[in-house]
Amino acid sequence: MSHDLPRYAVGALVGLAGVLLFAEPLVGPVALGPVAVRPVALSVGVLALGLSLGGVLFLSRGQWFVGVAHAVPGVGFAVVFGATVLGSETGLLFGVAVVLGACLALADGLRRQR
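Residues numbered from 1 in each chain as written. Predicted model: local features only at pLDDT ≥ 70, side-chain atom pairs only at ≥ 80, totals over all residues. Heavy atoms only, no water.

S.K.: Please explain the side chain of H70 as it appears in this structure.
M.R.: Here H70 shows up in helix 3 (residues 64-86). One polar contact links the side chain of H70 to the main-chain carbonyl oxygen of V66, over a distance of 2.9 Å. Not counting residues within four places of it along the chain, the set of residues in contact with H70 comprises L51, S52, G54, G55 and F58. (Helix = DSSP H or I, 4+ residues; strand = E, 2+ residues; numbered from the N terminus. Polar contact = N/O pair within 3.5 Å; in protein donor to acceptor, adjacent residues only side chain to side chain. Contact = heavy atoms within 4.5 Å.)

Next comes the structure, spelled out in structure tokens:
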């Protein structure tokens, strides 16, 4: 078994994002300093961090397709997180559009690889 710590870190961050997402109905807002943040909002930020880290990891290893498939949604989710923090509806729509565009591009790329 190979010990690939960066890959484990990416998996742990994406897993933590899922736990935060599903914890939303069970727990109240989490205190981060003077601000109370809902777990669902934190999950978007953690997911953005995990996907972006995955993008850097795969791109640095020369795995272009997988790297871009992580990095672009990572940026999109980071925009969604930032727009949520700032209360920007336009930014939120832009971030969602980036994520959806990345999903469509990934599906097309996978279709072409067949």
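S.K.: Just to check I follow, could you spell out the side chain of E24 for this structure?
M.R.: With respect to the helices and strands, E24 occurs in the loop between helix 1 (5-23) and strand 1 (30-32). Here R38 takes part through its side chain, which lies 2.9 Å from a polar atom of the side chain of E24. In terms of polar contacts, E24 uses its side chain to reach the backbone amide nitrogen of V40, at 3.0 Å. In this structure, E24 is in contact with R38, P39 and V40, ignoring residues within four places of it in sequence.

S.K.: Explain helix 4 (residues 89-113) here, please?
M.R.: For an α-helix, the turn length of 3.6 residues means that residues three or four places apart are oriented alike. The end-to-end C-alpha distance of helix 4, which contains 25 residues, comes to 36 Å, matching closely the 36 Å that a straight helix rising 1.5 Å per residue would cover. Within helix 4, burial applies to G91, G95, V98, V99, A102 and G109. Structurally, helix 4 contributes buried residues whose contacts are with helix 3. (Expected span 1.5 Å × (residues − 1). Buried < 20%, exposed > 50% of the residue type's maximum accessible area, 1.4 Å probe, protein only.)

S.K.: Where do I start with the pattern of salt bridges in this structure?
M.R.: Pairs may arise between side chains of opposite charge once their charged atoms sit close together. Counted under the stated rule, the structure contains 5 salt bridges. Among the salt bridges present, the one from R61 reaches D4, with a minimum N-O distance of 2.7 Å. Of this pair, R61 sits in the loop between helix 2 (39-60) and helix 3 while D4 sits in the segment before helix 1; the two residues are 57 residues apart in sequence, bridging distant segments of the chain. D4 sits in the buried class, given a relative accessible area of 14%. For R38, the salt bridge is made with E24, and the minimal N-O distance between the two is 2.9 Å. Taken together, the residues R38 in the loop between strand 2 (35-37) and helix 2 and E24 in the loop between helix 1 and strand 1 connect sequence positions 14 residues apart. (Salt bridge = Lys/Arg side-chain N within 4 Å of Asp/Glu carboxyl O.)

S.K.: I would appreciate a short explanation of the nonpolar core in the present structure.
M.R.: A general tendency of soluble globular proteins is for nonpolar side chains to be buried together. Formed by A17, L20, V37, A41, L42, V46, L47 and L51, the largest nonpolar core amounts to 8 residues. Those elements that provide at least two residues to this core are helix 1 and helix 2. The dominant element in this core, judged by the number of residues it contributes, is helix 2, at 5 residues. In this structure, L42 is in contact with L20, V30, L32 and V37, ignoring residues within four places of it in sequence. (Core = buried A, V, L, I, M, F, W, Y, C linked by side-chain atoms within 4.5 Å.)

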